[in-house]
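What follows is each chain in one-letter form.
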Amino acid sequence: MTVDIDKTDGPADTPPAGPEAIKAIPVRHYGRYVSAVIALALLGGVIYAFSQGRINWGAIPDYFFNDRILSGVGNTILLTVLCMLIGVVGGILLAVMRLSKNPVTSSIAWFYIWFFRGTPVLVQLIVWFNLGLVFEYINLGPVYKDEWSQFMTPFLTALLGLGLNEAAYMAEICRAGLLSVDEGQTEASHALGMSHSKTLRRIVVPQAMRVIVPPTGNEVINMLKTTSLVSVVQYSELLRVAQDIGQTSGAPAEMLFLAAAWYLVLTSVFSVGQYYLERYYARGSSRTLPDTPFQKIKANMLSLSNRPGSTPGGAA
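These lines cover the structure that appears in this document, whether it is placed above or below. (Residues numbered from 1 in each chain as written. Predicted model: local features only at pLDDT ≥ 70, side-chain atom pairs only at ≥ 80, totals over all residues. Heavy atoms only, no water.)

### Describing helix 4 (residues 103–118)
Side chains that are three or four residues apart share a direction in an α-helix, a result of its 3.6 residues per turn. Under the 1.5 Å per step criterion, the end-to-end length of helix 4 is 22 Å for 16 residues, consistent within 8% with the ideal 22 Å. On the buried face of helix 4, the contacting elements are helix 3 (67–98), helix 5 (121–129) and helix 7 (154–179). Of the residues that open helix 4, the one with a side-chain oxygen 3.0 Å from the backbone nitrogen of valine 104 is asparagine 102. (Helix = DSSP H or I, 4+ residues; strand = E, 2+ residues; numbered from the N terminus. Expected span 1.5 Å × (residues − 1). Contact = heavy atoms within 4.5 Å. Polar contact = N/O pair within 3.5 Å; in protein donor to acceptor, adjacent residues only side chain to side chain.)

Structural data, given as structure tokens:
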């Protein structure tokens, strides 16, 4: 006996129900809102306090582009560039000497770094300015001969005091960069017949720049601000010029704020240069470089313009 089973009598063939979609609820960080309100309140309080102070804020824009101020800014930039040039060149030489297998050159480099890093730069500036107590004359034979007080000008004092001190710090930065390069690179270049100096120039130093550039950029910005110390040796940089104008104009505090504003402008410009220099030397270590700030702004603007309803005739 055959029994026919009607397949239509059972439930309809439907796919098994899947898991329900999870509705993600973002976590609310109330502490962030509270801290943001407190920070804004404190900032507003500081701004209000300065606005109620007895400060002639109108004097700052009046003197911001004053000829004497611009001359001080130029002297500050010139001193920063020249001192960093001395520091970088001297730092590279000291780093190579420190890594040398010759115990004499290595010891000399160690002593130099130990001395200049162990004494305050302000003390070094004053010592350079008063070395006439030890060397009354400077005699270089037929090349140059004069009294020390005439030879050691405020500019030369600032240049030697800051540049030689910076060389000690740059030596450690350069040494760290050189040690960051794998020894196999040096061994491979020597196996190819390259000399030690050529290996440094062509192989080691280009790879070490990726490590050297970021702290060097930081040293440039630090040097820009450290130039304010040379006012003690009567060099007419930004701070000294601002102080002189403040004494004659009767607005000493205002001129200090003006100098601070100029330092902020200069450090911002140097920071932009440091960013692109780091990006340049990062090409060999990263397959994809991060977007620049301008590229990020452009990408955000394009994403906004491509949203539905943002184009003419699009749905609202």
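### Observations concerning the packing of aromatic side chains
Remark: the centre distance and the inter-plane angle together describe each pair of aromatic rings, the angle taken between the planes. Enumeration over the complete set of coordinates arrives at 10 aromatic pairs. Aromatic pair phenylalanine 111 and tryptophan 114: ring centres 5.5 Å apart, planes at 40°, arrangement tilted. Of this pair, phenylalanine 111 and tryptophan 114 are both found in helix 4, three residues apart, which corresponds to roughly one turn of the helix. Looking at phenylalanine 111, the relative accessible area reads 48%, which means it is partly exposed. Ring geometry for phenylalanine 115 versus phenylalanine 116: centroids 5.3 Å apart, planes at 85°, classification edge-to-face. Ring pairing ties together the aromatic residues Trp110, Phe111, Tyr112, Trp114, Phe115 and Phe116, which thus form one cluster. (Phe/Tyr/Trp six-rings, centres within 6.5 Å; stacked < 30°, edge-to-face > 60°. Buried < 20%, exposed > 50% of the residue type's maximum accessible area, 1.4 Å probe, protein only.)

### A short note on the packing of helix 3 against helix 9 (residues 196–226)
Between helix 3 and helix 9, the least distance of the axes is 11 Å, while the angle of their chain directions is 140°. By the angle class used here, helix 3 and helix 9 are oblique. The handedness of the crossing between helix 3 and helix 9 is right-handed. Contacts from Thr76, Thr80, Cys83, Met84, Val88 and Val96 in helix 3 reach Leu200, Thr216, Glu219, Val220, Met223 and Leu224 in helix 9. Grouping the amino acids of the contact of helix 3 with helix 9 by side-chain chemistry returns eight nonpolar, three polar and one charged. (Axes fitted to C-alpha atoms, helices over the stretch in contact; angles between N-to-C directions. Parallel < 35°, antiparallel > 145°, perpendicular 65-115°, else oblique. Left-handed = near helix turned anticlockwise from the far one by under 90°. Nonpolar A, V, L, I, M, F, W, Y, C, P; charged D, E, K, R; others polar.)

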